[in-house]
Amino acid sequence: KNIAVFASGSGSNFQAILDAVQRGELEANISLLVCDKPGAYVTERANEAGIPAFVYCVKDYPSKADYEVEITSLLKSNKVDLIVLAGYMRLIGPTLLKEYEGRIVNIHPSLLPAFPGKDAIGQALAAKANWSGVTIHFVDEGMDTGPIIVQERVRIATEDTKESLQRKIQVSEHKLYPEILQMLLTRGEVEQDEKTRAY
Ligand code: GRF
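Identification of the protein as Phosphoribosylglycinamide formyltransferase from Neobacillus vireti LMG 21834 is taken from an unreviewed UniProt entry. For the protein, the Pathway (unreviewed entry) comment in UniProt is given as "Purine metabolism; IMP biosynthesis via de novo pathway; N(2)-formyl-N(1)-(5-phospho-D-ribosyl)glycinamide from N(1)-(5-phospho-D-ribosyl)glycinamide (10-formyl THF route): step 1/1." Reading the Function (unreviewed entry) entry of the UniProt record for the protein gives the comment "Catalyzes the transfer of a formyl group from 10-formyltetrahydrofolate to 5-phospho-ribosyl-glycinamide (GAR), producing 5-phospho-ribosyl-N-formylglycinamide (FGAR) and tetrahydrofolate."

Asks: Let's hear about the UniProt feature "binding site: N(1)-(5-phospho-beta-D-ribosyl)glycinamide" (unreviewed entry) in the protein: which residues, and what values?
Replies: The sites that UniProt annotates as "binding site: N(1)-(5-phospho-beta-D-ribosyl)glycinamide" (unreviewed entry) are G11, S12 and N13. Inspection of the secondary structure assignment puts S12 in helix 1 (residues 12-22). With 17 C-beta atoms packed within 10 Å, S12 lands in the partly exposed category. Filtering out sequence-adjacent residues up to four positions away, S12 remains in contact with Q170 and H174. For N13, the position within the fold is in helix 1. A tally of 23 C-beta atoms within 10 Å means that N13 is categorised as buried. Once residues lying within four places of it in the same chain are set aside, the contact partners of N13 are A86, G87, I107, E173, H174 and Y177.

Asks: So what's going on with the UniProt feature "binding site: (6R)-10-formyltetrahydrofolate" (unreviewed entry) in the protein? Residues and values would help.
Replies: Following the UniProt record, one finds the feature "binding site: (6R)-10-formyltetrahydrofolate" (unreviewed entry) at K64, M89, R90, L91, I92 and N106. Looking at where K64 falls in the secondary structure, it is placed in helix 3 (residues 64-77). A tally of 17 C-beta atoms within 10 Å means that K64 is categorised as partly exposed. Residues within four places of K64 in sequence aside, it is in contact with V58 and G93. Note that M89 resides in the loop between strand 4 (82-85) and helix 4 (94-100). You can call M89 partly exposed: it has 13 C-beta atoms within 10 Å.

Asks: Explain helix 2 (residues 41-49) to me, using residue names and the numbers behind them.
Replies: Since the α-helix advances by 3.6 residues per turn, residues separated by three or four positions end up pointing in the same direction. All of the buried residues along helix 2 are V42, T43 and A46. Axial view of helix 2: buried residues confined to an arc of 100 degrees, hence all on one face. For helix 2, the exposed residues lying more than 90 degrees away from the buried face are N47 and E48. Contact partners of the buried residues in helix 2: strand 1 (2-7), helix 1, strand 2 (29-35) and strand 3 (53-55). Just past helix 2, the residue G50 takes up positive phi, approximately 70 degrees.

Asks: Any chance you could break down the site of the ligand for me, citing the residues and the numbers?
Replies: Neighbouring the ligand are A7, G9, S10, G11, S12, N13, A86, G87, I107, H108, P109 and E173. Elements with a minimum of two residues in the shell around the ligand: helix 1 and strand 5 (104-108). Grouping the constituent residues of the shell around the ligand by class yields 4 nonpolar, 7 polar and 1 charged.

Asks: An account of the environment of N47 is needed here, citing residue identities and associated values.
Replies: When you line up the elements, N47 lands in helix 2. A count of 12 C-beta atoms within 10 Å places N47 in the exposed class. Put simply, N47 and A129 are 82 residues apart on the chain and 39 Å apart in space, counted from C-alpha to C-alpha.

Asks: Describe unusual backbone geometry, and please don't skip the residues or the numbers.
Replies: Here the amide bond leading from L112 into P113 is cis, since omega sits at 10 degrees, within 30 degrees of zero. Position of P113 relative to the elements: it lies in the loop between strand 5 and helix 5 (120-126). One non-glycine residue, F115, lies in positive phi territory at about 55 degrees. Looking at the secondary structure, you find F115 in the loop between strand 5 and helix 5. Its 24 C-beta neighbours within 10 Å are what place F115 among the buried residues. For K128, which is not glycine, the phi dihedral falls at a positive 55 degrees. As for its position among the elements, K128 is in the loop between helix 5 and strand 6 (131-138). Its 8 C-beta neighbours within 10 Å are what place K128 among the exposed residues.

Quick notes on the rules
- Residues numbered from 1 in each chain as written.
- Predicted model: local features only at pLDDT ≥ 70, side-chain atom pairs only at ≥ 80, totals over all residues.
- UniProt positions renumbered as here; feature names shortened; annotations may be inferred.
- Helix = DSSP H or I, 4+ residues; strand = E, 2+ residues; numbered from the N terminus.
- Buried ≥ 20, exposed ≤ 12 C-beta atoms within 10 Å, placed from the backbone.
- Contact = placed C-beta atoms within 7 Å.
- Arc of directions from axis to C-beta.
- Near = placed C-beta within 6 Å.
- Nonpolar A, V, L, I, M, F, W, Y, C, P; charged D, E, K, R; others polar.

And the structure:
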């Protein structure tokens, strides 16, 4: 199966997915990376691995729909089966959704529906929550609102800072995302006992 990763930032999840493919744990072909931020570190990771990186700026297009038309035709010509959002800081619009609904997944650093949107880790700390975690979900037109596939809890210690909590959440993300992608791609579903896990 062919996957396209969409990312805007450092790409540590992109790297974890790539490493899992290279270890043979994730049986997928990463056809390409789509990035909406020129200079994002994730594009260097793709170049290093020889994965084609396509950088598109929404402001170079007359509308977001035109931007997504261009991306959709790229995905179609590469026969992409699944779109994997990994720190893509943009809502998916109707143009892409129409073609790929049910075949777009996202990872978010909280236990949705708690703390959606930007800075989920800062939001969890500000709320003095004892737990946060990671959610992998299908994407719909809302912000972090689509059907939940799996969640993993991460304990917040009183001494946690944004950096330390982010590190814990990343450990969880980097393990969980490749595992769940493998289940989705090979079985089309996720095992029941994978659906909520806590550490
Ligand atoms: C991750 O925390 C992910 O959950 C969120 O954006 C972050 C991306 O980090 N959607 P990275 O670019 O993969 O390091």
